[in-house]
Amino acid sequence: MTDKPKTWGIIGGGIMGMTLALRLSQKGHKVTIFESGDKPGGLTRSWKMDGVVWDRFYHVILMSDLNTRRLIEEIGLEKEFKWVETKTGFYYGGSLYSMSNLIEFFKFPPINLVDKFRLGLTIFIASRITNWRRLEKIYVADWLQSLSGERVFEKIWLPLLKAKLGDNYKKTSAAFIWSTIQRMYAARKSGLKKEMFGYVRGGYDIINKMLVQNLIDRGVVFKLNSNINSVQPTDNGLLSIKTDGGDKYSYDYVISTLSPLQSVKLADSLTQEEKEKNKNVKYLGVICPSVILSKAISPYYVTNIIDDWTPFTGVIEMTALIDRKEELNGKNLVYLPKYIDPDDSLFESSDSELREIFLGSLFKMYPEISEDDVQFFGVSKARIVFALPTIDYSKNLPGIKTSMKNFYIINSAQIINGTLNVNETIQVAETRLGEILGTFE
Ligand SMILES: Cc1cc2nc3c(=O)[nH]c(=O)nc-3n(C[C@H](O)[C@H](O)[C@H](O)COP(=O)(O)OP(=O)(O)OC[C@H]3O[C@@H](n4cnc5c(N)ncnc54)[C@H](O)[C@@H]3O)c2cc1C
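### Overview of the nonpolar core
Right, on to step 1. Counting 57 residues, the largest nonpolar core has Trp54, Leu161, Ile177 and Met318 as its most contacted members.
Right, on to step 2. Ranked by residues supplied to this core, first place goes to helix α7 (residues 150-165) with seven residues.
Right, on to step 3. Looking at which domains feed residues into this core, each of domain 2 (49-86 + 196-203 + 283-387) and domain 3 (101-193) gives three or more.
Right, on to step 4. Setting aside residues no more than four positions away along its own chain, Ile177 makes contact with Val140, Trp143, Leu144, Trp157 and Leu161.
Right, on to step 5. If you look at the next biggest cluster of nonpolar residues, it comprises 38 residues, including Ile72, Ile207, Val220 and Ala429.

### Considerations on the sheet that holds strand β1 (residues 7-11)
Right, on to step 1. Reading across from one edge, β10-β2-β1-β14-β21 is the order of the five strands in this open sheet, with parallel pairing throughout. The open sheet has two free edges, formed respectively by β10 (221-223) and β21 (407-409), since each of these has just one partner strand. Strand-to-strand twist of the sheet, defined as the mean angle between neighbouring strand axes without regard to direction, takes the value 20 degrees.
Right, on to step 2. Two strands pair when backbone bridges link them, and β1 and strand β2 (residues 30-34) are joined in this way by five bridges, in the parallel orientation. Bridging across to β2, Gly9 finds its partner in Thr32.
Right, on to step 3. Each of β1, β2, β10 and β14 (253-256) is contacted by helix α1 (residues 15-26), which is oriented at about 170 degrees to β2, the strand it contacts most.

### Observations concerning the sheet that holds strand β11 (residues 228-233)
Right, on to step 1. The three strands lie next to each other as β11-β12-β13, forming an open sheet whose pairing is antiparallel. Across the chains shown, the open sheet's two edge strands, defined by having one partner strand only, are β11 and β13 (248-251). Averaged over all neighbouring strand pairs, the angle between strand axes comes to 25 degrees, with direction disregarded.
Right, on to step 2. The sheet contact formed by strand β12 (residues 239-243) and β13 spans four bridges and is antiparallel. Within the sheet, the bridge partner assigned to Lys242 lies in β13 and is Lys248.

### Quick word on the pairing of strand β15 (residues 283-293)
Right, on to step 1. The buried fraction of β15 amounts to 11 of the 11 residues, a majority that puts the element mostly inside the structure.
Right, on to step 2. Both faces of β15 are covered, namely the face carrying Tyr283, Gly285, Ile287, Pro289, Val291 and Leu293 and the face carrying Leu284, Val286, Cys288, Ser290 and Ile292.
Right, on to step 3. In terms of strand pairing, β15 meets strand β19 (residues 338-340) through three bridges, oriented antiparallel. Of the residues in β19, the one forming a bridge with Ile287 is Lys338.
Right, on to step 4. Where β15 lies against strand β18 (residues 332-335), four bridges are found, and the strand directions are antiparallel. Residue Ile292 lies in a different strand from β18, and its bridge partner there is Leu333.

Rules used throughout
- Residues numbered from 1 in each chain as written.
- Predicted model: local features only at pLDDT ≥ 70, side-chain atom pairs only at ≥ 80, totals over all residues.
- Heavy atoms only, no water.
- Core = buried A, V, L, I, M, F, W, Y, C linked by side-chain atoms within 4.5 Å.
- Buried < 20%, exposed > 50% of the residue type's maximum accessible area, 1.4 Å probe, protein only.
- Helix = DSSP H or I, 4+ residues; strand = E, 2+ residues; numbered from the N terminus.
- Domains from an automatic or database assignment.
- Contact = heavy atoms within 4.5 Å.
- Pairing = 2+ DSSP bridges.
- Axes fitted to C-alpha atoms, helices over the stretch in contact; angles between N-to-C directions.

In structure tokens, the structure reads:
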């Protein structure tokens, strides 16, 4: 193959699709992005809530997110970063506890001093492990129980695992908690000291706008409201992709950034074996109400919930991170995420049903707020969010190359030793694309 410019169709206009398009267009290739939504951004999209615009799903940038920071600098937003020391809270036995430094950690009531030592040791051990593949062979529950003991597992780890994975924690490998701890450790300057979290003024709304503009300036074409339903080889050696509206387009190369299951559903002519392999990658979804309140509810960006009666599995108080005056007209923004299976019946609930369930618990948890303080309640849902890191995940993961010549699948399931975040997504886009382009030379 020669390195002369080719035509590329990219399915999905999230961060993955746009990063691929950016790198391809920088090499002179002609790229078209197909996005089913009415604007690009995917999970990082923003929306309007009571007159203010912010992300549909909460996003924070860590100091260690070097890929994200580089991309943001490239699109001219380097001066818009803000870094903030944030605090973490825990809700246990009907009370809120700060867990932002060592002293607070030692005062935390659910576990005794010996247990605290085991918990600290577990985190320390996880932060030192480099051979994560070994952890892919062990269930996370077994690994944590063996290191931290039964009590710490029941009182601390289990609620945290259930918060992110629901009952799927039973199928998850220890690599999951390892990568979570690695990311959190990297966010702190050192050990259990202060957390430095960041954001870009204007949020992902401005990041997406600048990225899209940068891509358009480089000649990338966006086809919005274009849900792709098939990819097929043509007689003249190209790949044809078709939208729900029946429009057809042909390219030298096509990359699907959709989940493995969604991607193989597009491509009928793939082998049964690769269809099965892709279908075996299970994803989790999220229901994430955003609430605008007239007052703040806590000083914590994240409040982890140990008690098990709330429908949401954590409270994210965005305005403990972002400047409420500058960004949200003085309003307070709180997210109430619940991570669930893509086929969970909660996805069928109406917003008013979810409002009753979620706000009812929020008022119980924070008795100082009531319906009078609620200025906006809206629900964001995504059935496909992150791939479950099951046993031997990286070994069983399908490759990006498919049996359909020049059709590639590059998605967030390819994050094999990290948690789902924008930084890892960019990393996958860049390294995997590098592998494809490498075959050109
Ligand atoms: C609740 C939540 C909190 C998060 N918090 C953070 C955080 O704090 N920090 C961080 O860095 N990251 C965070 N993330 C992760 C981050 O949002 C993702 O890593 C990133 O957005 C993934 O991008 P993607 O392009 O792979 O997927 P997506 O954003 O899902 O993009 C896929 C795109 O494909 C489109 N599409 C689907 N089907 C079709 C079709 N048939 N045809 C055409 N287009 C189609 C979709 O509309 C979508 O735009 C969070 C995510 C969630 C959900």
